[in-house]
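What follows is the residue order along each chain.
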Amino acid sequence: MTKQVLEQLETPALLLDPARMDRNIERMRNQARRLGVTLRPHVKTNKSMDVTRRMMETPEGPITVSTLREADYFAAHGVKDILYAVCIAPNKLDHVMRLQDQGVRLTLILDSMEAARVLAQCAHEAQRHFELLIEVDSDGHRSGVNPDSGELLSIAQFLEAAGIPVQGILTHAGSSYDCTSTDAICAMAEQERAAAVHAAQRLRAAGIACPVVSVGSTPTALFAERLEGITEVRAGVFVFFDLFMAGLNVCGVDDIALSVLATVIGHQREKGWTILDAGWMAMSRDRGTARQPVDQGYGLVCDLDGRPLEDLILVGANQEHGIMAHRSGKIEGALQLPVGAQVRILPNHACPTAAQYDHYKVLGPGHEIEATWPRISGW
Ligand SMILES: Cc1ncc(COP(=O)(O)O)c(C=O)c1O
(Lines give C-alpha, C1' and ligand atoms only; values in the text may rest on other atoms or scores of the structure.)
Protein backbone atom coordinates (compact mmCIF):
# COMPACT_ATOMS: atom_id res chain seq x y z
CA MET A 1 0.00 0.00 0.00
CA THR A 2 1.38 3.41 -0.89
CA LYS A 3 1.90 5.69 2.05
CA GLN A 4 -0.15 8.83 2.55
CA VAL A 5 1.69 12.11 2.14
CA LEU A 6 1.23 15.30 4.12
CA GLU A 7 -0.68 16.93 1.28
CA GLN A 8 -3.38 14.22 1.54
CA LEU A 9 -4.14 14.64 5.23
CA GLU A 10 -7.36 16.16 6.45
CA THR A 11 -6.57 19.07 8.72
CA PRO A 12 -5.95 20.02 11.44
CA ALA A 13 -3.59 17.12 12.13
CA LEU A 14 -0.86 16.64 14.72
CA LEU A 15 2.52 15.92 13.12
CA LEU A 16 5.52 14.36 14.82
CA ASP A 17 9.04 14.61 13.42
CA PRO A 18 10.72 11.43 14.78
CA ALA A 19 14.27 12.52 13.90
CA ARG A 20 13.93 15.63 16.06
CA MET A 21 12.29 13.61 18.83
CA ASP A 22 15.10 11.02 18.84
CA ARG A 23 17.68 13.81 19.01
CA ASN A 24 15.87 15.39 21.98
CA ILE A 25 15.71 12.05 23.80
CA GLU A 26 19.40 11.43 23.18
CA ARG A 27 20.28 14.86 24.57
CA MET A 28 18.37 14.22 27.83
CA ARG A 29 19.72 10.69 28.11
CA ASN A 30 23.31 11.93 27.73
CA GLN A 31 22.72 14.58 30.36
CA ALA A 32 21.34 12.04 32.87
CA ARG A 33 24.29 9.75 32.13
CA ARG A 34 26.78 12.58 32.60
CA LEU A 35 25.20 13.53 35.92
CA GLY A 36 25.05 9.93 37.14
CA VAL A 37 21.27 9.80 37.74
CA THR A 38 18.41 7.64 36.48
CA LEU A 39 16.11 9.27 33.93
CA ARG A 40 12.49 8.74 34.93
CA PRO A 41 10.75 10.38 31.94
CA HIS A 42 7.48 12.20 32.57
CA VAL A 43 5.00 10.86 30.02
CA LYS A 44 2.32 13.52 30.55
CA THR A 45 3.45 15.39 27.42
CA ASN A 46 3.32 12.45 25.02
CA LYS A 47 0.77 9.99 26.57
CA SER A 48 1.72 7.48 23.91
CA MET A 49 3.39 4.09 24.24
CA ASP A 50 5.11 4.53 20.88
CA VAL A 51 6.83 7.68 22.14
CA THR A 52 7.45 6.53 25.71
CA ARG A 53 9.03 3.25 24.57
CA ARG A 54 11.80 5.34 23.02
CA MET A 55 12.36 7.28 26.26
CA MET A 56 12.42 4.45 28.80
CA GLU A 57 15.56 2.76 30.10
CA THR A 58 13.82 -0.67 30.13
CA PRO A 59 10.43 -1.95 28.88
CA GLU A 60 9.21 -1.89 32.50
CA GLY A 61 10.14 1.75 33.15
CA PRO A 62 10.74 3.74 35.17
CA ILE A 63 8.28 6.46 34.18
CA THR A 64 6.45 9.37 35.81
CA VAL A 65 2.73 9.97 35.19
CA SER A 66 0.39 12.86 35.95
CA THR A 67 -2.87 10.87 35.94
CA LEU A 68 -3.93 7.38 36.96
CA ARG A 69 -5.38 7.01 33.46
CA GLU A 70 -1.79 7.24 32.17
CA ALA A 71 -0.78 4.64 34.78
CA ASP A 72 -3.56 2.28 33.52
CA TYR A 73 -2.55 2.75 29.91
CA PHE A 74 1.18 2.26 30.39
CA ALA A 75 0.63 -0.65 32.80
CA ALA A 76 -1.48 -2.34 30.11
CA HIS A 77 1.62 -2.05 27.88
CA GLY A 78 3.87 -3.75 30.44
CA VAL A 79 5.31 -0.77 32.35
CA LYS A 80 5.73 -1.70 36.01
CA ASP A 81 7.70 1.07 37.73
CA ILE A 82 5.43 4.13 37.79
CA LEU A 83 5.61 7.31 39.88
CA TYR A 84 2.31 9.18 40.12
CA ALA A 85 3.69 12.68 40.70
CA VAL A 86 0.56 14.50 41.85
CA CYS A 87 -0.39 14.47 45.55
CA ILE A 88 -2.70 11.55 46.22
CA ALA A 89 -6.40 12.20 46.92
CA PRO A 90 -8.54 9.82 49.02
CA ASN A 91 -10.94 9.07 46.14
CA LYS A 92 -8.07 7.66 44.06
CA LEU A 93 -6.91 4.98 46.50
CA ASP A 94 -9.21 2.26 45.14
CA HIS A 95 -7.76 2.94 41.70
CA VAL A 96 -4.22 2.78 43.12
CA MET A 97 -4.96 -0.61 44.67
CA ARG A 98 -6.35 -1.92 41.37
CA LEU A 99 -3.07 -0.96 39.72
CA GLN A 100 -1.09 -2.67 42.50
CA ASP A 101 -3.19 -5.79 41.96
CA GLN A 102 -1.99 -5.84 38.34
CA GLY A 103 1.62 -5.99 39.53
CA VAL A 104 2.45 -2.28 39.14
CA ARG A 105 4.94 -0.79 41.57
CA LEU A 106 3.13 2.54 41.85
CA THR A 107 4.84 5.22 43.92
CA LEU A 108 2.62 7.93 45.40
CA ILE A 109 3.43 11.38 46.71
CA LEU A 110 1.87 13.58 49.39
CA ASP A 111 2.71 16.81 51.19
CA SER A 112 0.32 17.00 54.14
CA MET A 113 -0.46 15.28 57.41
CA GLU A 114 -4.10 15.05 56.29
CA ALA A 115 -3.17 12.94 53.26
CA ALA A 116 -0.74 10.89 55.38
CA ARG A 117 -3.57 10.04 57.81
CA VAL A 118 -5.88 8.98 54.97
CA LEU A 119 -3.16 6.80 53.48
CA ALA A 120 -2.33 5.22 56.83
CA GLN A 121 -6.00 4.43 57.45
CA CYS A 122 -6.32 2.85 54.00
CA ALA A 123 -3.10 0.83 54.48
CA HIS A 124 -4.43 -0.44 57.80
CA GLU A 125 -7.97 -1.25 56.63
CA ALA A 126 -6.96 -2.84 53.33
CA GLN A 127 -3.76 -4.40 54.73
CA ARG A 128 -1.79 -2.72 51.93
CA HIS A 129 1.78 -1.66 51.39
CA PHE A 130 2.28 1.72 49.68
CA GLU A 131 5.41 3.16 48.08
CA LEU A 132 5.64 6.81 48.97
CA LEU A 133 7.70 9.98 48.49
CA ILE A 134 7.14 13.23 50.35
CA GLU A 135 6.95 16.28 48.09
CA VAL A 136 8.99 19.29 49.17
CA ASP A 137 8.74 22.82 47.83
CA SER A 138 12.06 23.96 46.37
CA ASP A 139 10.92 27.21 44.72
CA GLY A 140 7.56 28.46 46.01
CA HIS A 141 6.03 27.45 42.68
CA ARG A 142 3.20 25.12 43.67
CA SER A 143 2.97 22.31 46.20
CA GLY A 144 5.26 20.59 48.69
CA VAL A 145 6.23 21.06 52.32
CA ASN A 146 9.07 23.37 53.26
CA PRO A 147 12.24 21.21 53.30
CA ASP A 148 13.30 22.94 56.52
CA SER A 149 10.01 22.51 58.34
CA GLY A 150 9.03 20.46 61.34
CA GLU A 151 6.08 19.30 59.24
CA LEU A 152 8.40 17.31 56.96
CA LEU A 153 9.70 15.30 59.91
CA SER A 154 6.26 14.91 61.54
CA ILE A 155 4.73 13.54 58.31
CA ALA A 156 7.64 11.14 57.78
CA GLN A 157 7.65 9.94 61.37
CA PHE A 158 3.88 9.49 61.38
CA LEU A 159 4.04 7.38 58.20
CA GLU A 160 6.91 5.24 59.46
CA ALA A 161 5.06 4.61 62.72
CA ALA A 162 1.98 3.64 60.70
CA GLY A 163 4.05 1.02 58.84
CA ILE A 164 4.43 3.02 55.61
CA PRO A 165 8.15 3.41 54.94
CA VAL A 166 9.03 6.75 53.34
CA GLN A 167 10.99 5.92 50.20
CA GLY A 168 12.26 9.43 49.74
CA ILE A 169 11.82 13.00 48.60
CA LEU A 170 10.43 14.55 45.41
CA THR A 171 10.56 18.14 44.23
CA HIS A 172 9.77 19.96 40.96
CA ALA A 173 11.22 23.44 40.35
CA GLY A 174 8.45 24.68 38.05
CA SER A 175 9.76 28.21 38.53
CA SER A 176 12.47 27.31 36.02
CA TYR A 177 9.85 28.32 33.43
CA ASP A 178 10.04 31.91 34.71
CA CYS A 179 13.83 32.20 34.43
CA THR A 180 15.11 34.86 32.06
CA SER A 181 18.64 33.57 31.45
CA THR A 182 20.59 30.34 31.24
CA ASP A 183 22.50 31.34 34.38
CA ALA A 184 19.19 31.69 36.20
CA ILE A 185 18.13 28.20 35.07
CA CYS A 186 21.46 26.76 36.28
CA ALA A 187 20.92 28.49 39.63
CA MET A 188 17.36 27.13 39.80
CA ALA A 189 18.66 23.61 39.12
CA GLU A 190 21.08 23.97 42.02
CA GLN A 191 18.30 25.35 44.25
CA GLU A 192 16.11 22.36 43.35
CA ARG A 193 18.96 19.91 44.04
CA ALA A 194 19.96 21.53 47.32
CA ALA A 195 16.40 21.60 48.68
CA ALA A 196 15.79 17.93 47.88
CA VAL A 197 19.14 16.80 49.30
CA HIS A 198 18.64 18.90 52.44
CA ALA A 199 15.20 17.35 53.03
CA ALA A 200 16.60 13.84 52.50
CA GLN A 201 19.47 14.50 54.90
CA ARG A 202 17.05 15.68 57.57
CA LEU A 203 15.03 12.47 57.21
CA ARG A 204 18.19 10.37 57.39
CA ALA A 205 19.30 12.21 60.53
CA ALA A 206 15.94 11.17 62.00
CA GLY A 207 16.68 7.51 61.16
CA ILE A 208 14.66 7.27 57.93
CA ALA A 209 16.73 5.73 55.11
CA CYS A 210 15.25 7.81 52.25
CA PRO A 211 16.83 5.98 49.30
CA VAL A 212 15.10 8.05 46.57
CA VAL A 213 15.78 11.73 45.89
CA SER A 214 13.85 12.78 42.78
CA VAL A 215 14.04 16.17 41.03
CA GLY A 216 13.25 17.67 37.70
CA SER A 217 11.72 19.83 35.06
CA THR A 218 13.04 20.02 31.52
CA PRO A 219 15.01 23.28 32.02
CA THR A 220 16.60 22.27 35.33
CA ALA A 221 17.36 18.73 34.13
CA LEU A 222 19.15 20.02 31.04
CA PHE A 223 21.04 22.83 32.77
CA ALA A 224 22.00 21.16 36.06
CA GLU A 225 25.77 21.30 36.40
CA ARG A 226 25.93 18.65 39.13
CA LEU A 227 23.39 16.43 40.84
CA GLU A 228 25.22 15.03 43.87
CA GLY A 229 22.82 13.45 46.30
CA ILE A 230 20.10 13.04 43.64
CA THR A 231 19.06 9.58 42.45
CA GLU A 232 16.70 10.39 39.56
CA VAL A 233 15.54 13.21 37.27
CA ARG A 234 12.08 13.62 35.82
CA ALA A 235 11.42 15.57 32.62
CA GLY A 236 8.71 15.37 29.98
CA VAL A 237 8.34 18.26 27.58
CA PHE A 238 11.90 17.81 26.27
CA VAL A 239 10.75 14.94 24.08
CA PHE A 240 8.99 17.36 21.72
CA PHE A 241 10.09 20.78 23.01
CA ASP A 242 7.99 23.82 22.03
CA LEU A 243 8.15 27.58 21.45
CA PHE A 244 8.12 28.28 25.18
CA MET A 245 11.25 26.14 25.68
CA ALA A 246 12.84 27.82 22.63
CA GLY A 247 12.00 31.21 24.19
CA LEU A 248 13.89 30.12 27.31
CA ASN A 249 16.85 29.08 25.09
CA VAL A 250 16.50 25.55 26.40
CA CYS A 251 16.27 24.38 22.76
CA GLY A 252 16.24 25.87 19.28
CA VAL A 253 13.11 26.34 17.15
CA ASP A 254 14.53 23.61 14.89
CA ASP A 255 14.45 21.11 17.76
CA ILE A 256 10.65 21.31 18.05
CA ALA A 257 9.31 17.90 17.01
CA LEU A 258 5.60 18.67 17.14
CA SER A 259 3.58 20.78 14.71
CA VAL A 260 -0.01 21.19 13.62
CA LEU A 261 -0.79 20.82 9.94
CA ALA A 262 -3.39 23.41 8.86
CA THR A 263 -5.01 24.57 5.63
CA VAL A 264 -5.75 28.05 4.30
CA ILE A 265 -9.54 28.55 4.19
CA GLY A 266 -9.79 32.26 3.37
CA HIS A 267 -8.32 35.78 3.53
CA GLN A 268 -8.96 39.28 4.84
CA ARG A 269 -6.44 40.81 2.48
CA GLU A 270 -6.95 44.43 3.54
CA LYS A 271 -5.89 43.39 7.04
CA GLY A 272 -3.02 41.15 5.92
CA TRP A 273 -4.81 38.13 7.38
CA THR A 274 -4.86 34.57 6.11
CA ILE A 275 -7.49 32.41 7.75
CA LEU A 276 -6.54 28.81 8.64
CA ASP A 277 -8.61 25.84 9.79
CA ALA A 278 -6.57 25.61 13.02
CA GLY A 279 -7.90 27.72 15.90
CA TRP A 280 -7.46 27.26 19.62
CA MET A 281 -9.04 23.80 19.57
CA ALA A 282 -6.19 22.72 17.33
CA MET A 283 -3.42 24.70 19.06
CA SER A 284 -4.81 24.98 22.65
CA ARG A 285 -5.40 28.27 24.42
CA ASP A 286 -1.86 28.34 25.82
CA ARG A 287 -0.32 31.78 25.31
CA GLY A 288 2.78 31.13 27.42
CA THR A 289 5.12 32.99 25.06
CA ALA A 290 3.14 36.20 25.65
CA ARG A 291 5.26 36.69 28.79
CA GLN A 292 8.54 36.05 26.96
CA PRO A 293 10.59 38.56 24.91
CA VAL A 294 9.21 37.08 21.63
CA ASP A 295 5.44 36.60 21.70
CA GLN A 296 4.60 33.81 19.25
CA GLY A 297 0.85 34.40 19.32
CA TYR A 298 -0.90 31.02 19.12
CA GLY A 299 2.01 29.49 17.18
CA LEU A 300 4.79 30.06 14.67
CA VAL A 301 3.88 29.25 11.06
CA CYS A 302 6.24 27.09 8.96
CA ASP A 303 6.27 25.62 5.46
CA LEU A 304 5.64 21.92 4.90
CA ASP A 305 9.31 21.15 5.58
CA GLY A 306 9.05 22.77 9.01
CA ARG A 307 10.96 25.98 8.16
CA PRO A 308 9.53 29.17 9.73
CA LEU A 309 7.82 31.41 7.15
CA GLU A 310 8.74 35.10 7.05
CA ASP A 311 7.86 35.76 10.71
CA LEU A 312 4.27 34.65 10.28
CA ILE A 313 2.41 33.71 13.47
CA LEU A 314 -1.15 33.00 14.51
CA VAL A 315 -2.07 36.45 15.79
CA GLY A 316 -5.53 35.31 16.80
CA ALA A 317 -7.57 32.18 17.26
CA ASN A 318 -11.25 31.31 17.52
CA GLN A 319 -12.42 27.80 18.19
CA GLU A 320 -11.77 26.51 14.66
CA HIS A 321 -10.30 29.59 12.92
CA GLY A 322 -6.71 30.68 13.20
CA ILE A 323 -5.67 34.13 11.98
CA MET A 324 -2.25 34.06 10.37
CA ALA A 325 -0.51 37.40 9.90
CA HIS A 326 2.88 39.00 9.95
CA ARG A 327 4.28 39.46 13.45
CA SER A 328 4.90 43.17 12.79
CA GLY A 329 1.36 43.71 11.43
CA LYS A 330 2.72 44.58 7.97
CA ILE A 331 0.15 44.19 5.20
CA GLU A 332 2.08 45.13 2.05
CA GLY A 333 4.13 42.32 0.57
CA ALA A 334 2.64 39.74 2.94
CA LEU A 335 2.98 36.14 1.80
CA GLN A 336 0.00 35.15 -0.35
CA LEU A 337 -1.08 31.56 0.12
CA PRO A 338 -4.12 30.36 -1.84
CA VAL A 339 -7.12 28.60 -0.32
CA GLY A 340 -6.17 24.94 0.08
CA ALA A 341 -2.46 25.61 0.73
CA GLN A 342 -1.07 23.89 3.81
CA VAL A 343 1.25 25.13 6.56
CA ARG A 344 2.71 23.67 9.75
CA ILE A 345 2.36 25.55 13.04
CA LEU A 346 4.77 25.10 15.95
CA PRO A 347 2.97 25.15 19.33
CA ASN A 348 3.63 27.37 22.33
CA HIS A 349 3.28 24.46 24.72
CA ALA A 350 3.51 20.87 23.53
CA CYS A 351 1.45 19.32 26.38
CA PRO A 352 -1.90 21.11 25.81
CA THR A 353 -1.54 21.12 22.01
CA ALA A 354 -0.95 17.37 21.88
CA ALA A 355 -3.84 16.90 24.31
CA GLN A 356 -6.26 18.07 21.61
CA TYR A 357 -5.55 14.99 19.46
CA ASP A 358 -5.97 11.25 19.76
CA HIS A 359 -3.04 10.34 17.54
CA TYR A 360 0.23 11.55 16.02
CA LYS A 361 0.95 11.43 12.31
CA VAL A 362 4.61 10.45 12.18
CA LEU A 363 6.60 12.05 9.36
CA GLY A 364 8.89 10.10 7.08
CA PRO A 365 11.10 11.22 4.19
CA GLY A 366 9.54 13.20 1.34
CA HIS A 367 6.39 14.29 3.21
CA GLU A 368 5.38 10.66 3.72
CA ILE A 369 3.39 9.62 6.76
CA GLU A 370 5.38 6.74 8.21
CA ALA A 371 2.93 5.74 10.93
CA THR A 372 -0.02 6.78 13.06
CA TRP A 373 0.68 6.55 16.80
CA PRO A 374 -2.29 6.62 19.19
CA ARG A 375 -2.28 8.68 22.38
CA ILE A 376 -4.63 8.85 25.32
CA SER A 377 -6.32 11.63 27.28
CA GLY A 378 -8.64 12.09 30.22
CA TRP A 379 -8.53 10.77 33.75
C1 LIG B 1 6.04 16.73 39.35
C2 LIG B 1 6.60 16.99 38.00
N3 LIG B 1 7.78 16.47 37.66
C4 LIG B 1 8.33 16.65 36.45
C5 LIG B 1 7.71 17.43 35.50
C6 LIG B 1 8.35 17.58 34.14
O7 LIG B 1 8.65 18.88 33.81
P8 LIG B 1 8.75 19.35 32.27
O9 LIG B 1 7.37 19.38 31.75
O10 LIG B 1 9.38 20.70 32.37
O11 LIG B 1 9.60 18.38 31.56
C12 LIG B 1 6.48 18.03 35.81
C13 LIG B 1 5.80 18.89 34.85
O14 LIG B 1 4.85 19.56 35.12
C15 LIG B 1 5.91 17.79 37.09
O16 LIG B 1 4.73 18.33 37.44
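These remarks concern the structure in this document.

## Things to note about the pairing of strand β7 (residues 166-170)
Then comes step 1: Most of β7 sits inside the fold, with 5 of its 5 residues counted as buried.
Then comes step 2: With 4 bridges joining them, strand β6 (residues 131-135) and β7 adopt parallel strand pairing. Following the sheet pairing, I134 is matched in β7 by I169.
Then comes step 3: For the handedness criterion, the β-α-β arrangement of β6, helix α6 (residues 150-161) and β7 is classed as right-handed.
Then comes step 4: Of the pairings in the sheet, the one linking β7 to strand β8 (residues 212-215) comprises 3 bridges and is parallel in character. Along β8, the bridge assignment pairs I169 with V213.
Then comes step 5: In this view, the connection linking β7 to its parallel neighbour β8 by way of helix α7 (residues 182-205) has right-handed handedness.

## Remarks on the site of the ligand
Then comes step 1: Surrounding the ligand, one finds 14 residues, the nearest of these being R142, Y177, T218, R234 and G236.
Then comes step 2: Interatomic distance of 3.0 Å between a side-chain N/O atom of R142 and an oxygen atom of the ligand.
Then comes step 3: Within the backbone of V237, a nitrogen or oxygen atom sits 3.1 Å from an oxygen atom of the ligand.
Then comes step 4: Out of a free accessible area of 390 Å², the ligand has 94% covered by protein chains.
Then comes step 5: Its atoms largely coinciding with the cavity grid, the ligand occupies the largest pocket.
Then comes step 6: Looking at side-chain class alone, the shell around the ligand contains 5 nonpolar, 6 polar and 3 charged residues.

Cut-offs applied
- Residues numbered from 1 in each chain as written.
- Predicted model: local features only at pLDDT ≥ 70, side-chain atom pairs only at ≥ 80, totals over all residues.
- Heavy atoms only, no water.
- Buried < 20%, exposed > 50% of the residue type's maximum accessible area, 1.4 Å probe, protein only.
- Helix = DSSP H or I, 4+ residues; strand = E, 2+ residues; numbered from the N terminus.
- Pairing = 2+ DSSP bridges.
- Right-handed = clockwise from strand over helix to strand, strands pointing away.
- Near = heavy atom within 4 Å.
- Polar contact = N/O pair within 3.5 Å; in protein donor to acceptor, adjacent residues only side chain to side chain.
- Areas by Shrake-Rupley, 256 points an atom, 1.4 Å probe, with all protein chains shown as cover.
- 1 Å grid on protein atoms, 1.4 Å probe; cavity = no way out; pocket = protein on both sides within 12 Å on 5 of 7 lines; lining within 4 Å.
- Sits in = over half its atoms within 2 Å of the grid points.
- Nonpolar A, V, L, I, M, F, W, Y, C, P; charged D, E, K, R; others polar.

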